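Structural overview
One-letter residues, chain by chain:
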Amino acid sequence: MNEKQKRILMALIGVLVTGCSVGLFQMASLGTDPFTSFVTGLCNLFNMKFGVFYTIICACIFFVVFLLDKHYIGIATFFNLFGNGFAADATTSI
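A brief report on the enclosed structure follows. (Residues numbered from 1 in each chain as written. Predicted model: local features only at pLDDT ≥ 70, side-chain atom pairs only at ≥ 80, totals over all residues. Heavy atoms only, no water.)

It is worth spelling out the overall build of the protein chain at this point. The number of helices and strands found in the protein chain is four helices and zero strands. Secondary structure elements in the protein chain, listed N-terminal to C-terminal, are α-α-α-α. Each of the three principal axes of the protein chain carries a C-alpha extent, and together these read 40 × 30 × 20 Å. Among the 94 residues that make up the protein chain, the fraction classed as buried is 28%. Across the protein chain, contacts joining residues at least 24 apart in sequence account for 58% of those joining residues at least 6 apart. Accessible surface for the protein chain amounts to roughly 6300 Å². Of this, 71% is attributable to carbon and sulfur atoms. (Helix = DSSP H or I, 4+ residues; strand = E, 2+ residues; numbered from the N terminus. Buried < 20%, exposed > 50% of the residue type's maximum accessible area, 1.4 Å probe, protein only. Contact = heavy atoms within 4.5 Å. Areas by Shrake-Rupley, 256 points an atom, 1.4 Å probe, with all protein chains shown as cover.)

The structure is reproduced here in structure tokens:
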């Protein structure tokens with residue numbers, strides 16, 4: 001396994017662990033980070049699943065970053081965009 005493959009694997013594992021941790025914090029009602037609290041509040045307001053709404057919000061932020069400064073976008077950006085919210089939803093449903 002070369003260096004690039006290791007970095008991609010570590011990014012994927014990191015995003016999945018983060019998503020599972022967010023799901024556990026939501027289940028425990030101990031509070032989450034400010035961005036997750038914001039997204040959780042909005043998804044409750046609009047009666048949507050966290051994973052879907054998280055993806056929508058992150059896609060909007062992605063669009064702004066894409067227009068302003070593309071060099072911040074990498075493979076982990078896409079892992080976060082499509083993995084974090086759904087990992088949190090999967091954790092809360094277990």
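By secondary structure assignment, the location of I75 is in helix α4 (residues 75–93). Looking at I75, the relative accessible area reads 45%, which means it is partly exposed.

With 26 residues, helix α1 (residues 3–28) should reach 38 Å at 1.5 Å per residue; the first-to-last C-alpha distance of 37 Å fits that figure. Within the span of α1, buried status applies to A11, V15, G19, V22 and G23. On the buried face of α1, the contacting elements are α2 (34–45), α3 (50–68) and α4. Taking the backbone nitrogen of K4 as reference, a side-chain oxygen 3.3 Å away marks N2 as the first, capping residue of α1. Directly after α1, the chain includes S29, whose backbone phi takes a positive value near 55 degrees. (Expected span 1.5 Å × (residues − 1). Polar contact = N/O pair within 3.5 Å; in protein donor to acceptor, adjacent residues only side chain to side chain.)

With that settled, the discussion passes to the packing of α2 against α3. The N-to-C vectors of α2 and α3 enclose an angle of 120 degrees; their axes lie 9 Å apart at closest approach. Our classification of the angle between α2 and α3 gives oblique. In the packing of α2 onto α3, the handedness of the crossing is right-handed. Note on element contacts: α3 touches α2 through F50, F53, Y54, I57, C58 and I61, opposite F35, T36, V39, T40, L42 and C43. (Axes fitted to C-alpha atoms, helices over the stretch in contact; angles between N-to-C directions. Parallel < 35°, antiparallel > 145°, perpendicular 65-115°, else oblique. Left-handed = near helix turned anticlockwise from the far one by under 90°.)

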